[in-house]
Amino acid sequence: MAGFLNFPCAVFFLSLISQGHCQCHPTTDLKIFQSQTEVLVQNTPQWEVTIVNDCVCTQVNIKLACDGFQTVEEIDSTILAIGDDGCQINHEQPVYGYQTFNFTYSWGTQYPFMPIYSEIACS
């Protein structure tokens, strides 16, 4: 009987330990990289933005700080929706653990995008 009770206790203990693997932080586990492409749009350099979810957990409703952001290249609002409280990426769809999301824009200089919000979905 004692062996039977040890198994549920062990499972419970291991489940508590494994919870530590999903301690994602939206502002630090979303990495943003940019590089200039070889494309010119209206004689303006094009930039490719890569957002990396550097966590095992899925992140949804990701918003970036984008006050003053400008582009001469049209961006589909399902990819980057510019709002008063930031820029929503991927039409509120998830960016799964260790996956990337990319978009391009064209402006004379690189814009300093920063993550300001996301929701963590980890099971």
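*Asks:* Can you explain the overall build of the protein? Please cite residues and give values.
*Replies:* Summing up its helical and strand segments, the protein has two helices and seven strands in all. Helices (α) and strands (β) of the protein occur, in sequence order from the N terminus, as α-α-β-β-β-β-β-β-β. Residues counted as buried form 35% of the 123 residues belonging to the protein. Pairs at least 24 apart in sequence give 72% of the contacts found in the protein among residues at least 6 apart. When the accessible surface of the protein is totalled, it reaches about 7800 Å², and 56% of it is carbon and sulfur.

*Asks:* Just give me the short version of the sheet that holds strand 2 (residues 44-53), but keep the residues and values in it.
*Replies:* Overall, antiparallel pairing links the three strands, which are arranged 1-2-6 in an open sheet. Pairing within the sheet leaves two strands with one partner each, and these edge strands are strand 1 (30-41) and strand 6 (100-106). Strand-to-strand twist of the sheet, defined as the mean angle between neighbouring strand axes without regard to direction, takes the value 20°. Bridge count for strand 1 against strand 2 is nine bridges, and the pairing is antiparallel. What sits directly across from Phe33, in strand 2, is Thr50.

*Asks:* Tell me about the side chain of Thr44, residues and numbers included.
*Replies:* Along the chain, Thr44 turns up in strand 2. Overall, the relative accessible area of 12% leaves Thr44 in the buried class. At 3.2 Å, the side chain of Thr44 and the backbone oxygen of Gln42 are in polar contact. Excluding anything up to four places from it in sequence, Thr44 contacts Val39, Val72, Ser106, Trp107 and Gly108.

Calculation notes
Residues numbered from 1 in each chain as written. Predicted model: local features only at pLDDT ≥ 70, side-chain atom pairs only at ≥ 80, totals over all residues. Heavy atoms only, no water. Helix = DSSP H or I, 4+ residues; strand = E, 2+ residues; numbered from the N terminus. Buried < 20%, exposed > 50% of the residue type's maximum accessible area, 1.4 Å probe, protein only. Contact = heavy atoms within 4.5 Å. Areas by Shrake-Rupley, 256 points an atom, 1.4 Å probe, with all protein chains shown as cover. Pairing = 2+ DSSP bridges. Axes fitted to C-alpha atoms, helices over the stretch in contact; angles between N-to-C directions. Polar contact = N/O pair within 3.5 Å; in protein donor to acceptor, adjacent residues only side chain to side chain.

Honestly, that's just the spatial picture; any functional story needs more than this.
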